[in-house]
Amino acid sequence: MKFKKKLLAGLAVVALLVGGLAGCGKQSADNSVKRIKDKGTLTIGTSADFAPFEFPVMRNGKKVIMGYDIMVARKIAQSMGVKLKVQNIEFPSLISELQNHKVDLVLAGMTKTKKRENAVDFSKPYYTESEKILVKKSDANKFNTKADTKGANLGAQQSSTQETLGKSETDAHIVTESLTTGLTTDLKAGKLDGVILATTVAEQYVKKYPNDYALAKYNMKVPNSLKYLNIAIPKNEPALKKQINKEITHLQKTGQLDKMFKKAQQQQEKYGK
Ligand code: ARG
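Each value, and the rule that gives it
- The written sequence of each chain sets the order in which its residues are numbered from 1.
- Reporting of local features is limited, given that this is a predicted model, to residues whose pLDDT is at least 70; pairs of side-chain atoms are given and counted only at 80 or more, and all residues count toward the totals for whole chains, interfaces and linings.
- Calculation of side-chain values draws on the structure's entire complement of heavy atoms; hydrogens and water are dropped beforehand.
- The pairing criterion is simple: DSSP has to find at least two bridges between the two strands.
- Note on conventions: DSSP H or I runs of at least 4 residues are helices, E runs of at least 2 residues are strands, and numbering of each starts at the N terminus.
- For helices, the axis comes from a line fit to the C-alpha atoms of the stretch in contact; other axes are also lines fit to C-alpha atoms, and the angle between any two N-to-C directions lies between 0 and 180 degrees.
- Every residue pair with non-hydrogen atoms within 4.5 Å of one another is taken to be in contact.
- Given a helix with a known number of residues, its expected span is that number minus one, times 1.5 Å.
- Exposed residues in this analysis have more than 50% of their type's maximum accessible area, buried residues have under 20%, and partly exposed residues fall in between, with area computed by a 1.4 Å probe over protein chains only.

Student: Looking at this structure, how should I read the sheet that holds strand β10 (residues 194-198)?
Tutor: Strand pairing in a sheet relies on backbone hydrogen bonds, with the paired strands running either antiparallel or parallel. Read across the sheet, five strands follow the order β9-β8-β10-β7-β11 without closing on themselves; strand pairing throughout is mixed. Each edge of the open sheet carries a strand with a single partner, namely β9 (173-177) and β11 (213-215). Taking the axes of each pair of neighbouring strands and ignoring which way they run, one obtains an average angle of 35° across the sheet. Across three bridges, strand β7 (residues 131-136) lies against β11 in antiparallel orientation. In the strand pairing of β11, V135 is matched with A214. This element, helix α8 (residues 199-208), spans β7, β10 and β11 of the sheet and lies at about 120° to β10.

Student: What exactly am I supposed to notice about helix α3 (residues 68-80) here?
Tutor: With 13 residues, α3 should reach 18 Å at 1.5 Å per residue; the first-to-last C-alpha distance of 19 Å fits that figure. Residues Y68, D69, I70, M71, V72, A73, I76, A77 and M80 constitute the buried set of α3. In the segment just after α3, G81 is the residue with positive phi, at about 70°.

Structure follows, in C-alpha cells:
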C-alpha cells in the first residue's frame, strides 16, 4: 500500500516535469515577434471601406490606405523596429487570411466576438463603439423606434457585428454586401432604406456629405460583448500579443490613441472620397 502511494507520488512528479517541459517547448516555439523582426516588415490586413478607421486616399495618382487603424499599426511596427505593409482585403475574408498567415495582424475596426475567438486571438481593446443607422437626409425622421424599422431594407456589411445586431435589434430585412461602400452607394441610389454602421463611421458620412445623409434617431442596444474593437492576432502567438498590448497601453496612457483618432477623422474629411 505504502509502496503504491510512493509510486503514485513519483508518477505525479514525472507528470509535472513532463508537463512543465512541454510548456517550455510551446513558449520557445512562439517565434512570432522574432519572425516579424527577421522579415523587417509587419504586414496587416484591413478592409479600407470603414472611415475613419481605414479609407483609401489618392496620392500622386497612387491609392494609399490611411486611417486610425493604420496609425496604430504603424506605432506597433515602430515598436518592433520594422516597416509597415498594409494589405487591403474585403472584410469577410480577413479572419481566414490571418489564420492562413497571409497577414501578421488584422486591424479593421474589428469587434472581438465569441465566434471569432474560436478562430483567432485578440489584443486588449483600442476603441469602444456604438452603432447607428445611416439614412438619406430626407429620411432623418423615418426610424425613431425599433417598430419603425419593420418592412424596411437595411444594409449591413457581410459577416459583421452590424449584421448580427440588425437581425436582433431591428425588425427590418437585412441586406448584406461585402463592402460598406457598396451599401452606402445603394442607400444614396434609393435601393436601401438605411445602412447599419459603427456610429463614428456613420457620423463621418454625415460630416462629409451633410446634404445627402443623416443619422436615424433609433438607438440600437449594443450588448457589452459587441462594443470593443480589438486587434486580431493568430492563435498561439503570446509574444506578439504581449508586444501589442504593451504598445496599446502606452498609446492609451499618453493620450495618443485619442489624438490619432481625431487626426484620422480630419484627414478623411480633407482627403478621403
Ligand atoms: N466592428 C464590426 C465588426 O467587427 C465592423 C467592422 C468593419 N470593418 C471594416 N473595415 N469594414 O464586425
